[in-house]
Each structure stands twice: as C-alpha cells, then as structure tokens.
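Structural overview
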Amino acid sequence: MLSVALRTLHTRCATFVGAFVALSLGVALLTVMGLALDSSSDAPGRRPERFAAAPVVVKGTDTLRVSTPIGERIQRLAHPRAVPIETVLKLKELGTVVQDRTFSVSAADGPGNLVGHPWSVAAFAPYEITAGRAPKTADEVVVSGDWSKPGERFRTGRGTVRVVGTVADRGFENAVFYTDSQAARLSPISVQSAVDADAAAVRKAVRGEGVEVLTGDARRRADPDLDRDREAITAMTALFGTAGGVSAFVSVFVVASTFAFTVAQRRREFGLLRTAGATPGQIRRIVFTEALVVGVIASIAGCLLGSYAAPRLASWLVDGGLAPSWYTIGNSTWPYHLAFWIGLLVALCGVVAASWRAGRTSPTEALHDASVDSGVMTWGRLLSGAALLLTAAVTLGMALSGDPSELLHRKSYVSRPMLLITAFAFLAPIVVRPSIRLVAWLPARLPGAGGMLVCENAAAGVRRTAAIAAPVLVTVALSGSLLGATATLNRAKATETRTQTTAAFVITAASGAGFDEVTLTRLRAVPGVTVSPTSSTAVHVMEDGVALVRSEARSAEPGLLAATTRLPLASGKVSDLDDDSIIVNEEWQRHTVGQRVQVWLGDGTRKTLRIAAVMTTGTGNNGAYVTPRNAPGSSVDRVDVTPATGADAGSVAAELRAAMRDSGGRLLTKAEWVRATYPETDPTTRLGLMLVLGIALVYTGISLANTMVMATSDRVRDLAVLRLAGATRWQALRLVGAEALMVVVVGALLGLLVACLDLAGMWGALGLLSVWTSIELPWAVIGAAVAACALLAMVASVVPAWFALRRRAVESAAGRE
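Every chain begins its residue count from 1, and numbering advances along the sequence as written. Local features are withheld for residues below a pLDDT of 70 in this predicted model, meaning they are given only at 70 or higher, and side-chain atom pairs are given and counted only at 80 or more; totals for whole chains, interfaces and linings count all residues. For side-chain calculations, the full set of non-hydrogen atoms in the structure is used, while hydrogens and water are omitted.

The next point concerns the overall build of the protein. A tally of helices and strands in the protein yields 23 helices and 23 strands. The buried share among the 817 residues of the protein stands at 48%. Residue exposure ignores everything except the shown protein chains as possible cover, and the areas themselves are Shrake-Rupley values with a 1.4 Å probe. Accessible surface computed for the protein: about 36300 Å², of which carbon and sulfur atoms make up 59%. Numbering of helices and strands runs from the N terminus; a helix is a DSSP stretch of H or I covering at least four residues, while a strand is a stretch of E covering at least two. The cut-offs for exposure are 20% and 50% of the maximum accessible area for each residue type, with area from a 1.4 Å probe on protein chains only; residues under the lower value are buried, those over the upper are exposed, and the others partly exposed.

Structure representation (structure tokens):
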C-alpha cells in the first residue's frame, strides 16, 4: 500500500498541493498559538513603578473579601477607602509621610492620558528634573516626557498652568506634577501614602486601622493599572484560542474538500484497481496512506514555519501595545508536539469520508465516462447535514427560550457559524444545483449559447461546483457573521443609549475626574433647566451563596433621574428609589420588586436594600441604580440637563458652558452624546476577528486555486470538444472564466445566507431582551472578500485552460498525453 500511495503522490503531486499547503499553514498557526499561549502562562511579576524608591507604602482598603462555604471571594472595590487622617497622624510620628493623590488632567495639545500628582511623590519613582525646576506656585507644573518645555503654557479643565520643569518619561504614565497644596485642592482624597520609616514599626502603628502596609515587590499594588498585564494576557489568550480553533476547523474543511474532490476525479482509477483484484479495504488504506504521508510532511513543515513566525508575532504584539513589554516566546517543546499531532489528526479526519467513498467504488466505474455527477448526495451525507441543521435550530431555540443573552457572547457568535457552515457543506449537492439555476436564470436566456453552457456545465459537475463554492461560503459566512455580530451589538448598544437618554444636553467630566460642588451649584443655578448629576459606582451581590458578582451602577436622585432618563423598566417605578432601596436588572438572581437583597457598596460597605424597580437585561449595559448616599467615595462624572418647555436651546447651552468653564467638562447635545459614546470593538477583539478572517481568506485562496487547477486539468477534453465544435480559444476561455465567476457568486450567496441565519438568531435574542435594532452586515468587507475570491478563481481557472488550449484540439479530444 505504501509504495502505491507514494507513486500516486509522485504522479499526482499537483493534486495534493492544496491539502499540503493548507495543513502546513494550519500547523504553523497552531504552533504559533501554542508558543504564544505557553509564553503568556508564566508571566513575570512587574516590579514597583511609582513607588520603587519608597521604603513603605500604606494603602487604604481596595478589595472586598467575602467568605463562602467553598472559600473566600475577592473583588476590587470601585472606590478604595482613603487612609484615615488619624492613621496619617500616627505615621508622621514615625517618619516623613507623603500623601499620594492621582487625578486626571486634560490638555488640548498634550497626551490624552495625563494624570496629576503632588510633586513630593515624584521622588519615589524616582523622577529627576531634566530641565527647569520644581513647581512653587499653584499655576506651575512639571511634566514628564518631551511633549512640553519649560516656559510653555497649556490650558487644562482646571485652569491654565505654566510648565517650569520636565522629568524623563518612565514609560508607565504621562505625569503632571503640581505643588502639594494645589494637588490637595484638586484631589482632596488620598488613598495611599509613602512613609519613610521602619516597616515593622509602621505595621505595629496601623494594626487594626483597616489599611495595608506594602513593602518590597508588594509596592506594585500601589501602581496604576495593576491588572493591565493580566487583562492583556487574557485578551491575547482569547484571541489565540479563537484563531487556533478557526484554523483547525478550516483546515479540516479544506482538506476534506480537497480529498473528496480528488477521490471523485480518481473513480475510474479506483475502478481499475478493483477490477485488478483490490479489495475495498485496500482502496481505503491507499487513500489513508496518502493522507498520512501528506500529513506528516505538512506537519513537519508547519512546525518549522511556526518556529520562525512566533518570535516575530510576539515582537509585533509588543510594538503594537497589545502585549506587555516583557512578552517573548519561550523554549517549550509541547506546542510543537501538539501542533504536529493535531495536523496529522486533521489530515486523517479530513480523509475519512473520502476514503469510505473510495472503498465503495465498484469495478464497473472503470468503464464509466459520464460527465454528469451522480450519487453525490448519499444518505449519510444527507442525515449528517440535517442533524447539524437540527442541532443549530434546537440550540438556538433553547437559548432564546432560556437565556437569550448567551447568544450575545463572543464564544456563541464565533462558534454558531461553524455549525451552519458545516451543515451547508454536507448539504451542498442539494443546495448548489438550485442556486446555480437561480443565478444563471437570466444569463441562460440571453442570446447565444454561452449562458446556457455555463449553467449546464456547473449544474452537471455538482462535485466540482460544490468544491469551489465551499471555501467561498466559509469566507463570506465568517465575514458576515463575525463582523456583523459585533456591528449589530454595537448598534444595539447605541440604540439603548439613544432610547434611555431623554435629556437635551449631557455634560461629561474629564476622564477619571469629577465635578466639584461649586460647578454643580452653578449648573443648578441656570434658569429653566432640570439638572440631574449622576456618578459611576458599583455594587456587589452574592448569588447561589458562592458567587460574588459585581454589577456596574450609577447613583442619582430619583426625581431628577426620572426627568432626564427613560429606564427600560420591567416592573416597579423609578420614583420609588430611595436611600433604603435599589434598582436592579433581570440578570440578578433576585429581581422581584419588594424583595430585599444584601449588597456590598462601592467602598465595601455591607447593606441590605429593597428592590424598588427592575430593568430589562438589554445588551448587558443596564446596571443598577442607587442614591448618592449609597455611593460613598464616588464623584459626579455626568450631568444630564433637560430645558423647560419653550426654552431656547442655544441660550441654555451658552449659560451651561459659562457655568462649567473652569471644570474641564464637555457639553454635548443628545445626538452628539450618542455619537460620542457609540460603542466600538476594542483593538484586541478587532485584531482577533481580522486574524480569523485572514485565516479563512488564505485557506479560501489555497482551496480555490487547488480545486480550480485540478478541475481545469480534468476538463481538457471538454475544452477540446468546444474547439472542435467551432468555438474560438478566447470564447472557450471566457466560458471557463464565466463559469468560475458564477460558482463564486453561488458560494457567496450561500455564505450570505449562513450569515443572515446566524445574525437573525442574535436579532431575535436582542428582541427578547427588549432591544430592537437592525441587523448590520459588513458589506464592504464581504464585497472585498467576494472580489478577491472571484479574481483568484478566474485566474486559477483561465490560466491552466489557456495552457491546455495551446495543444491541438484533436490531440486533446483523443486523450493523447
């Protein structure tokens, strides 16, 4: 068997190029994904940054710890507690104490993520003056980096300041240092302090004060963005996992399609072997051996390619800011073993159906010379396709009747199209022929025989047509489903924002900052308006006795909230909200009006509140609502304004701008607010989706080129007959190109159908969650993918046909080699 398989591979090497390339790229991608995941699993701990030179850091409580029957549950607090003044006074008896303050700073011509600190804290990074001097007055600052120079002025939301000095950029923040007194006025609350004293003495002094004492590497917990490495690694893990899964799926798809078409082309060859005495088992072993040889060689090549590509991917991720600066590829060997064996398994799985079909070839197949495919749709294929469609329908029905929000998660809208794609691939012989008749209905009725010939050729060669249309279906279906799902979700979230906001104006604070009481008093004093200040906070609730769930929340005065916001209530009334109650959504385990629920507020305070109203789930953005008294530590970051009936909008806007001129706030109309808050897919998710689509497009190109070359070489006699019937060389080439183009259109329509079916499920889920929005399809991306497929298909069909037509038609028709 091995010698026959090797000779077949040598003779028909062009036939197996597509499977070899597809497997090689798949194994290479799996190798890269495995190496990347292995390198991210052993992340080194970051060293302290802002307090690297501080002997001791005393930090207020910033975590919530709750005991459960299966262990302690820990969550970060939305509002860390300040270090008590009494504790600061005790620490000052031991040594120098510098209170740290961090607040957002806005500058029109500066970086967008400026943060302010008191100058005394700069020594603990340590920052050192590189030009100029330290600040001495309230309007003087020192900046990090080279975006501004001493002597320059820039306007912030809290007034104009003058740069008197610069310090070197330390890489972890863009800092603006004020005098200690000015920083205290801008940010009165201090949640941590640097202490120059003995650590043991500090611990003894603050025992029982509800604060943490950080020394050594633990000082890292006082740095900003403590979890940024973990979040980046988690995002990369999801990205690589998705890409690896799609790669394996498309690899099996392409390999299976290639081997199926190869077996269909070789049925006369297998018939001759059966006539010569070969048993069905021997025929199956030949096909399996071919796949094994291709799989081994392709897996080795893929591992080598992956070892070359992985370090370059890591460098690109670091340069693009998607991975931490320490991220590099390690020297583990298990990703190579895993990728090799998965590649081999993919090759063997892809050939299972084809080998079974090859073993069923009868000796009389050697005598067949029909151009019309028959027996393409077997009972096994029909039942498999029907079972997959039924599975997709049942799972969709269960999700819609149970928890529709499950369909909005990434794992759902990435996996569901795979099920539908596979089902349509199994049922291709049934759906392809009617689709061809539909697409070619008008061209077949045009003058001349060209349209009719294109239609009949494609309909007669169902196997060939299905093999060409399948990869196009994959690309279009994935493009429409994945990008369409994220676009539809973004549109739904924007619809929620537009529906819930009834205020004419929305005033937002600078990032990370809040409005002071003076500004709020000025805004309330504007005549003829209703002003509703709200702040961002969070509440925590224990569900099932073991799960500590964090829910984002906003605090607001009930009467003012009702005047400027239309909450999507399922039951209850907004006006019933008070200091002893809370508004929740239907995702909460307890969500019946009147029930009492135990929660932990944003600063960790434990409290039992009555449910005043319940909101629908929506897209997941409908958090809880509490009163300001139940949001300790939060600051007002948004003000909704509703003018009185008949008030002039322009005059109101001018007075609002005057009232907040020194606050750094931003005044937006409702329409501008909706546009400004329109959700966008985050960069890591976008990269993951584009990587998946890139994989699909590459595999589509491989499969199309390979199948087209095989199909054209198998039709040399057909083209010769056309020439003998009077067709010119260019007419024959146009016929081949038109047929390729029509098959691509059929594949695109089927892929679009899969995408629409998938997005229809999401649309239904959104409707059940009380969010009615339109389905968004990425027409530009779909159009570009179809155009690329059409161009590749035409080139891969016309070029081999052109070489074939260079031979004399009589020789080709006679079958002379």
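Back to the text.
Now for the pattern of salt bridges. Here a salt bridge means any side-chain nitrogen of Lys or Arg lying within 4 Å of a carboxyl oxygen belonging to Asp or Glu. Under the definition given, this model contains 18 salt bridges. Here R629 and D579 are joined by a salt bridge, their closest N and O atoms 3.7 Å apart. In this pair, R629 is assigned in the loop between strand 21 (624–626) and strand 22 (636–643) and D579 in the loop between strand 17 (569–572) and strand 18 (581–585), connecting sequence segments 50 residues apart. Taking relative accessible area as the criterion, D579 reaches 32% and is therefore assigned partly exposed. Connected through salt bridges with shared partners, the residues K59, D62, R76, E212 and R221 form a single ionic network.

Nonpolar cores were defined as sets of buried Ala, Val, Leu, Ile, Met, Phe, Trp, Tyr and Cys residues, with membership established by side-chain atoms within 4.5 Å. Core analysis: the biggest nonpolar cluster contains 54 residues, and I421 and L478 have the highest contact counts within it. Elements with a minimum of two residues in this core: helix 6 (228–265), helix 11 (410–426), helix 12 (428–439), helix 14 (462–500), helix 19 (683–713), helix 21 (729–768) and helix 22 (779–804). At 14 residues, helix 14 tops the list of elements feeding residues into this core. Of all hydrophobic cores here, the second largest spans 20 residues; its members include L29, M33, A310 and Y699.

A separate point is the packing of helix 11 against helix 21. Axes are the key here: two packed helices are described by the angle between their axes and the distance separating the axes. Think of each axis as a best-fit line through the C-alpha atoms, taken over the contacting stretch in the case of a helix, with angles from 0 to 180 degrees between the N-to-C directions. It is the contact of helix 11 with helix 21, at a shortest axis distance of 10 Å, that shows an interaxial angle of 140°. By the angle class used here, helix 11 and helix 21 are oblique. As helix 11 runs across helix 21, the sense of the crossing is right-handed. Between helix 11 and helix 21, the contacting residues are Y413, R416, P417, L420, I421 and F424 on the first element and L750, L753, V754, L757, D758 and M762 on the second. When residues are sorted by character, Ala, Val, Leu, Ile, Met, Phe, Trp, Tyr, Cys and Pro go into the nonpolar class, Asp, Glu, Lys and Arg into the charged class, and all the rest, Gly among them, into the polar class. For the contact of helix 11 with helix 21, the per-class residue count stands at 10 nonpolar, no polar and two charged. Orientation is classified from the angle alone, with under 35 degrees giving roughly parallel, over 145 giving roughly antiparallel, 65 to 115 giving roughly perpendicular, and any other angle giving oblique. Left-handed describes a crossing whose near helix is turned anticlockwise from the far helix by less than a right angle; the clockwise case is right-handed. Residue contacts are counted whenever heavy atoms from the two residues lie within 4.5 Å of one another.

This part is about unusual backbone geometry. Each neighbour pair has its own omega, and for A125 with P126 the value is -5°, a cis peptide bond. Mapping P126 onto the fold places it in the loop between strand 6 (114–118) and strand 7 (129–132). We note that D544 has phi near 60°; this positive angle belongs to a residue other than glycine. As for its placement among the helices and strands, D544 is situated in the loop between strand 15 (529–543) and strand 16 (547–555). Of note, the phi angle at S770 is positive, near 70°, even though the residue is not glycine. Along the polypeptide, S770 turns up in the loop between helix 21 and helix 22. Judged by its relative accessible area of 45%, S770 falls in the partly exposed class.

So, on to the sheet that holds strand 4 (residues 96–100). Across the sheet, which stays open at both edges, the four strands sit in the order 4-12-1-13 with antiparallel pairing between neighbours. The sheet is open, and its two edges are formed by strand 4 and strand 13 (211–214), each paired on a single side. Between one strand axis and the next, the sheet turns through 25° on average, direction left out of account. Sitting on the sheet, helix 5 (residues 199–206) touches strand 1 (56–60), strand 12 (192–196) and strand 13, and the angle it makes with strand 13 is about 175°. In short, DSSP must find at least two bridges between two strands for them to pair.

Right, let's talk about the packing of aromatic side chains for a bit. Working definition: a ring pair exists when centres of Phe, Tyr or Trp rings (six-membered ring for Trp) sit within 6.5 Å. Plane angles under 30 degrees give stacked, over 60 give edge-to-face, the rest tilted. One pass over the full model with this rule turns up seven aromatic pairs. Through pairs of rings, three or more aromatic residues link up here, namely W119, Y127, F172 and F177.

What follows is about helix 12. An expected span of 1.5 Å times one less than the residue number is assigned to each helix. The first and last C-alpha atoms of helix 12 sit 15 Å apart over 12 residues, in line with the 16 Å expected at 1.5 Å per residue. For helix 12, the set of buried residues is A428, P429, V432, S435 and I436. Burial along helix 12 is one-sided: seen end-on, the buried residues are contained in an arc of 130°. The directions considered for the arc are those from the helix axis to the C-beta atoms.

Patches here: salt-bridge-free residues with over 30% relative accessible area, like charges joined within 9 Å, nonpolar side chains (Val, Leu, Ile, Met, Phe, Trp, Tyr) joined within 5 Å. A cluster of nonpolar side chains, namely W730, L791, V795, V799, W802 and F803, defines an oily patch on the protein surface of about 630 Å² accessible area. Looking at the nonpolar patch element by element, the count peaks at five residues for helix 22. Note that W802 resides in helix 22. Here W802 falls in the partly exposed class, since its relative accessible area comes to 32%.

It is worth spelling out the side chain of N585 at this point. If you trace the backbone, N585 turns up in strand 18. Reaching out from N585, the side chain makes a polar contact with the backbone nitrogen of E587 at a distance of 2.8 Å. Whenever a nitrogen or oxygen atom comes within 3.5 Å of another N or O atom, the pair is scored as a polar contact, on the condition that within protein one atom can donate a hydrogen and the other can accept it, and that pairs from neighbouring residues in sequence are kept only if both atoms are in side chains. Looking at N585, its side chain comes within polar contact range of the main-chain oxygen of N622, at 2.4 Å.

This paragraph deals with the confidence of the model for the protein. A low pLDDT means the predicted coordinates there should not be read in detail. As a per-residue measure, pLDDT reflects the predictor's confidence and takes values from 0 up to 100. Overall, the predicted model of the protein reaches an average pLDDT of 81, with 81% of residues at or above 70. Residue range residues 809–814 is modelled with pLDDT below 50. Its contacts to residues more than four positions away, or to other chains, number 13 contacts.

This next bit is on helix 21. Look at helix 21: 59 Å from first C-alpha to last across 40 residues, which is about the 58 Å you get at 1.5 Å a residue. After helix 21 finishes, the residue S770 shows a positive phi value of roughly 70°.

Locating G694 in the fold gives a position in helix 19. Judged by relative accessible area, which is 30%, G694 ranks as partly exposed. Measuring from C-alpha to C-alpha, the distance between G694 and A785 comes to 10.0 Å, with 91 residues separating the pair along the chain.

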